[in-house]
Amino acid sequence: MYSSIATVCLSGSLEEKGDASASPDTASNRFVRQYGGSGIHHVALHTNAMRDISAALQQAGTPVLPIPGNYYRDLAARFDLSAQTLQWMQAHHILFDQDSDGDFHQLYTQPGRQAFFFELVQREDYQGLDAPNAFVRVTEQQRLEAEINGSAQDAAV
């Protein structure tokens, strides 16, 4: 099965990200099965002010996807980031990547109704596809989903 995501940027440009997977258990395939067809999985928004946006979301009580502490220990080992930057990223659940051209910051809200969520990105000349963070995001979303489903099953008993 081939899945593809088309993204229309507010500037009017069109970007297509595709991934090929024969697995019926990819996040995209589970979404289609669970919610009865295609639909809007998430909306990605670009920002040049991730620090301000993440602080405003935190102040407003917006639930963001929790990122485990070991992710930030790994970042410290992989990148030359200041302790203050790492502390800020961990406090606000910011994902990070870097390539030879620049930096990339990501923040996800927790999935809401029908698994819909927002992704906020700050791309500072970064040319990559944020692939190193995909596994972290999907794992944490699955953990939250299992936690919610477990709580719902416990409440039904």
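As a starting point, this report considers the structure included with it. (Residues numbered from 1 in each chain as written. Predicted model: local features only at pLDDT ≥ 70, side-chain atom pairs only at ≥ 80, totals over all residues. Heavy atoms only, no water.)

**Some points on the overall build of the chain**
Stated precisely, the cut-off is as follows: Only runs of H or I of at least four residues qualify as helices and only runs of E of at least two qualify as strands under DSSP, and these elements are numbered from the N terminus. Throughout, exposure labels follow a simple rule: accessible area from a 1.4 Å probe, protein chains only, divided by the maximum for the residue type, with under 20% read as buried, over 50% as exposed, and the rest as partly exposed. The contact criterion used throughout is that any non-hydrogen atoms of two residues lie within 4.5 Å. Calculation of accessible area relied on Shrake-Rupley with a 1.4 Å probe; when residues are assessed, cover is drawn exclusively from the protein chains displayed.
When helices and strands are counted, the chain shows five helices and six strands. Of the regular secondary structure in the chain, the N- to C-terminal order runs β-β-α-β-α-α-α-β-β-β-α. Within the chain, buried positions represent 29% of all 157 residues. Within the chain, residue pairs in contact and separated by at least 24 positions form 51% of the contacts whose partners lie at least 6 positions apart. Just so you have it, the chain exposes about 9800 Å², and 54% of that area is on carbon and sulfur atoms.

**So, the packing of helix H2 (residues 50–60) against helix H4 (residues 83–92)**
This is how it is decided: Each axis is a line fitted through C-alpha atoms, and for a helix only the stretch in contact is used; angles between axes span 0 to 180 degrees, taken between their N-to-C directions. Here the word oblique covers every angle except those under 35 degrees (roughly parallel), over 145 (roughly antiparallel) and from 65 to 115 (roughly perpendicular). The handedness criterion is simple: a crossing whose near helix is rotated anticlockwise from the far helix by less than a right angle is left-handed, and one whose near helix is rotated clockwise is right-handed.
The geometry of H2 relative to H4 is characterised by a closest axis approach of 10 Å and an angle of 40° between their N-to-C directions. Classified by the interaxial angle, the pair formed by H2 and H4 is oblique. When you trace H2 past H4, the crossing you get is left-handed. Contacts between H2 and H4 involve Met50, Arg51, Ser54, Ala55 and Gln58 from the first element and Thr85, Trp88, Ala91 and His92 from the second.

**A look at H4**
Applicable threshold: Think of it as the arc spanned by the lines of direction from the helix axis to the C-beta atoms.
Within the span of H4, buried status applies to Thr85, Leu86, Trp88, Met89 and His92. End-on, the buried residues of H4 take up no more than an arc of 160°, which puts them together on one face. Facing away from the buried side of H4 by more than 90 degrees, the exposed set consists of Ala83, Gln84 and Gln87. Its buried side turned inward, H4 meets H2, helix H3 (69–78), strand S4 (95–98) and strand S5 (103–108).

**Remarks on the pairing of strand S6 (residues 117–124)**
Two faces, one strand: in a regular strand the side chains alternate between the faces of the sheet. The cut-off we apply is this: For two strands to be treated as a pair, DSSP must find no fewer than two bridges joining them.
Pairing between strand S3 (residues 42–46) and S6: five bridges, direction parallel. Looking at the pairing, histidine 46 lines up with valine 121 of S6. The pairing of S5 with S6 spans five bridges and is classified as antiparallel. Note that in S6 the partner of tyrosine 108 across the bridge is glutamate 119.

**Here we look at the sheet that holds S5**
The strand order across the open sheet formed by four strands is S3-S6-S5-S4, and the pairing between neighbours is mixed. Only two strands of the sheet have a single partner each, and these edge strands are S3 and S4. Looking at each pair of strands side by side, their axes are set apart by 20° on average, direction ignored.

**Digging into the environment of glutamate 119**
The following threshold applies: Whenever two N or O atoms come within 3.5 Å, that pair is a polar contact, provided that in protein one can donate a hydrogen and the other can accept it, and provided that, for residues adjacent in sequence, both atoms are side-chain atoms.
Counting through the fold element by element, glutamate 119 comes out in strand S6. Owing to a relative accessible area of 8%, glutamate 119 belongs among the buried residues under this scheme. It is 7.1 Å that separates the C-alpha atoms of glutamate 119 and histidine 42, two residues lying 77 residues apart in sequence. For glutamate 119, the residues in contact, after removing those within four places along its chain, are His42, Val43, Ala44, Leu45, Gln106, Leu107, Tyr108 and Asp130. Among the polar contacts made by the side chain of glutamate 119, one reaches the side chain of glutamine 106 at a distance of 2.9 Å.

**Description of the nonpolar core**
Test applied: Throughout this description, the term nonpolar core refers to a set of buried Ala, Val, Leu, Ile, Met, Phe, Trp, Tyr and Cys residues connected via side-chain atoms within 4.5 Å.
In terms of nonpolar packing, the biggest core is built from 22 residues, with Ile67, Tyr71, Leu75, Leu81, Met89, Phe96 and Leu107 touching the most fellow members. Of all the elements in the fold, those that place two or more residues in this core are H2, H3, H4, S4, S5, S6 and helix H5 (131–156). What leucine 81 contacts, discounting residues up to four positions off in sequence, is Leu75, Leu86, Met89 and Phe96.

The analysis is restricted to geometry; functional conclusions fall outside its scope.
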